[in-house]
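Listed here are the chains, written in short residue letters.
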Amino acid sequence: MISREKHDRMANAIRFLSMDAVEKAKSGHPGLPMGAADIATVLFTRFMTHDPKNPHWPDRDRFVLSAGHGSMLLYSLLYLLGYEDITIEEIKNFRQLGSRTAGHPEYGFAAGIETTTGPLGQGFANAVGMALAERLLNARFGDDLVDHYTYAFVGDGCLMEGISQEALTLAGHLRLSKLIVLFDDNQISIDGPVSLADSTDQCARFAASGWNTLRADGHDPDAIASAIETARQSDRPTLIAFRTTIGRGAPTKAGTNKVHGSPLGADEIAKTREALGWDAPPFVIPSDILDDWRLAGLRSAKERVAWEKRLAAADTETRAQFERRMRGDLPEAFPSVLVEYKRKLARENPPVATRNASEMALEVINDCLSETVGGSADLTGSNNTKTSQTKPVTPTDFSGRYIHYGIREHAMAAAINGIALHGGLIPYGGTFLTFSDYARPAMRLASLMHIRSIFVMTHDSIGLGEDGPTHQPVEHLAALRAIPNHLVLRPADATETAECWQVALESRTTPSTLALTRQKLQPVRIEFEEENLCARGAYELLPASDEAQVTIFASGSEVEIAVHARTMLEERGRPTRVVSVPCFELFERQPQDYQEAILGRAPVRIAIEAGVRQGWDRFIGTDGIFIGMHGFGASGQAPALYKHFGITAEAAVEAAEARLRA
């Protein structure tokens, strides 16, 4: 317990670092750090289990600043607590190019930043994933190795975003009791009072979904501590609504939207210094206060040492598996297991939809990898994401490996990110490709964070049939391919599906989307090939019988159409090669000479994909022939739809012949 005077001075250190950094940058959000400083001071001096000298300690508590615009709150804390990545120079360089202190917290920029936040609500949903990961790992490794809390700091905006409803209902259903959400209830948004746009009783809303809810004065250290202690004893997740004053301490701007997203200005800062009795110049923390903060940073060092002793005392197999999984390494046997599975596929050549091929591959993968955790947004039977090893996770049993996310695509994707960020697990989750629109903000952040999140998107084209254009993705492949650092994998048969899964699992710094068919496909990879050809992004599936006159590029379900077209063209004396293109992004990583060899010099280039043309000009040029979709789909049976929209081998042959005769 620290005195009120010491608490106030420690909290004011956060306030002045924040307002001075924003002022120097001439950009930023000082109001939240100033209003939340008391909550943060109590949390980090009395409750947070962490170690700035060992910031990646697996059993640390997680702190997520979901209201990422208030990033100076987090940066100030990391500096004051002694995290080496955030120096006073980094604080001075807030929001400057190349600094660790970006406008919104970015994962990987500095230890202590647990996730990238800024798009409101994402951090909250990430925290749900982290808290879920903690329970899953606890069920596997026990309290000795995994037993920590997840704290999420949210604002009014986070709770207005739709993702918050999805995330809070999932957390409430699963009774994630080690999740504590700290709500900065300052009743101010950018436009003015929150009452301009919202009148929700947030505590009642959370309580309706099974949460424990509390209210407290966010500027009374004892009330803050009492609320957090009560939350830690709950058997349910807890929301604490802390009534705060945005910009607390600023004489004329506190409690108004003027302090939300703009620097205070030199005059207001001078008056704030006077009002709070802070005479230190900008970016200088009095030595006694800094010492108090650095001492607070050491509060968990003994717990971390005790945890390391427990890990060392664990049996060899448990310790080795825990350490491997937390490093993110795959089992050494995994590549050989996949090779043997591909050998089996080459013998059997099953004609299956790639969603079924994915399930078949997962049956092998989930047997080899104990760390995979699957799930679906209420489409398990359609996504084929569940295998014999993955029994359901329930509110009373976290030993399972399958999460029923419900119809919550956005929260599912963000929770997957949270699970991946936590470490020790490799999460994947499924829905229909057209509903990637509902998940896209979280998918984009996975790419920005360079994490191994895997999104299984089935029903990937008009081939899904009768559900019609609302469910038939047309622009979605192009839209997802437009996200930097995102692998869009569209396999053509069972062998390619296995290879794409291997790529996704081995891509530790790039998330993946697997686009899979509803309709059955004929195998196109007939012969066994030990190399993972899909890892090249594009490869020659079938060569021309002579110097190629035509090259047909295709992905997924349209590869078999390309194969049929090649057969017809070869019979007409038109040497034709087929290139399977499971992943644009991986192809771009290949050496230039390989890319040129795959593109080839055939005078006629054709691309076939049951989606829009965007992106395919990379392979066929602006004058190439594209056979695909030029508008939305329609309701009908898949074969009739392919014929109706002209995505057929015959159409490819006619187009090639016309071009060759021209």
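Refer to the preceding data block for the structure.
On a predicted model such as this, the values are computed, not experimentally measured, just so you know.

(A) Spatial organisation of the environment of Ala 498. By the element assignment, Ala 498 lies in helix α20 (residues 494–506). Distance in space between the C-alpha atoms of Ala 498 and Gly 621 is 30 Å, their sequence separation being 123 residues. For Ala 498, the residues in contact, after removing those within four places along its chain, are Leu 338, Tyr 341, Lys 342, Leu 345 and Ala 361.

(B) Layout of the nonpolar core. Core analysis: the biggest nonpolar cluster contains 138 residues, and Ile 91, Phe 124, Ile 228, Ile 240 and Trp 293 have the highest contact counts within it. Counting residues per element, this core draws most heavily on helix α5 (residues 122–141), at eleven residues. Beyond its immediate chain neighbours, meaning those up to four positions away, Ile 91 contacts Leu 17, Ala 21, Met 72, Tyr 75, Ser 76, Tyr 79, Ile 86, Thr 101 and Phe 283. Of all hydrophobic cores here, the second largest spans 45 residues; its members include Leu 533, Ile 598, Ile 647 and Ala 649.

(C) Up close: the sheet that holds strand β14 (residues 539–542). Strand order in the open sheet made by the five strands is β14-β16-β15-β17-β18, with mixed pairing throughout. Every interior strand has two partners, whereas the edge strands, β14 and β18 (625–628), have only one. Between one strand axis and the next, the sheet turns by 25° as a mean value, whatever way the strands run. Sheet topology note: the strand β15 (residues 550–554)/strand β17 (residues 604–609) ladder contains five bridges and is parallel. Residue Val 550 lies in a different strand from β17, and its bridge partner there is Val 604. Against the sheet, helix α23 (residues 592–599) makes contact with β14, β15, β16 (576–580) and β17, and its axis sits at roughly 130° relative to β16, the strand it touches most.

(D) Examining the sheet that holds strand β13 (residues 512–515) more closely. Read from one edge of the open sheet, six strands run β9-β8-β10-β11-β13-β12, paired in parallel fashion. Edge positions in the sheet fall to β9 (402–404) and β12 (487–489), since each of these pairs with one other strand and no more. Mean inter-strand twist for the sheet, computed between neighbouring axes without regard to direction, equals 20°. Those strands touched by helix α17 (residues 409–422) are β8 (372–376), β9, β10 (426–432) and β11 (454–458), and its axis lies near 165° from that of β10.

Conventions we followed
Residues numbered from 1 in each chain as written. Predicted model: local features only at pLDDT ≥ 70, side-chain atom pairs only at ≥ 80, totals over all residues. Heavy atoms only, no water. Helix = DSSP H or I, 4+ residues; strand = E, 2+ residues; numbered from the N terminus. Contact = heavy atoms within 4.5 Å. Core = buried A, V, L, I, M, F, W, Y, C linked by side-chain atoms within 4.5 Å. Buried < 20%, exposed > 50% of the residue type's maximum accessible area, 1.4 Å probe, protein only. Pairing = 2+ DSSP bridges. Axes fitted to C-alpha atoms, helices over the stretch in contact; angles between N-to-C directions.

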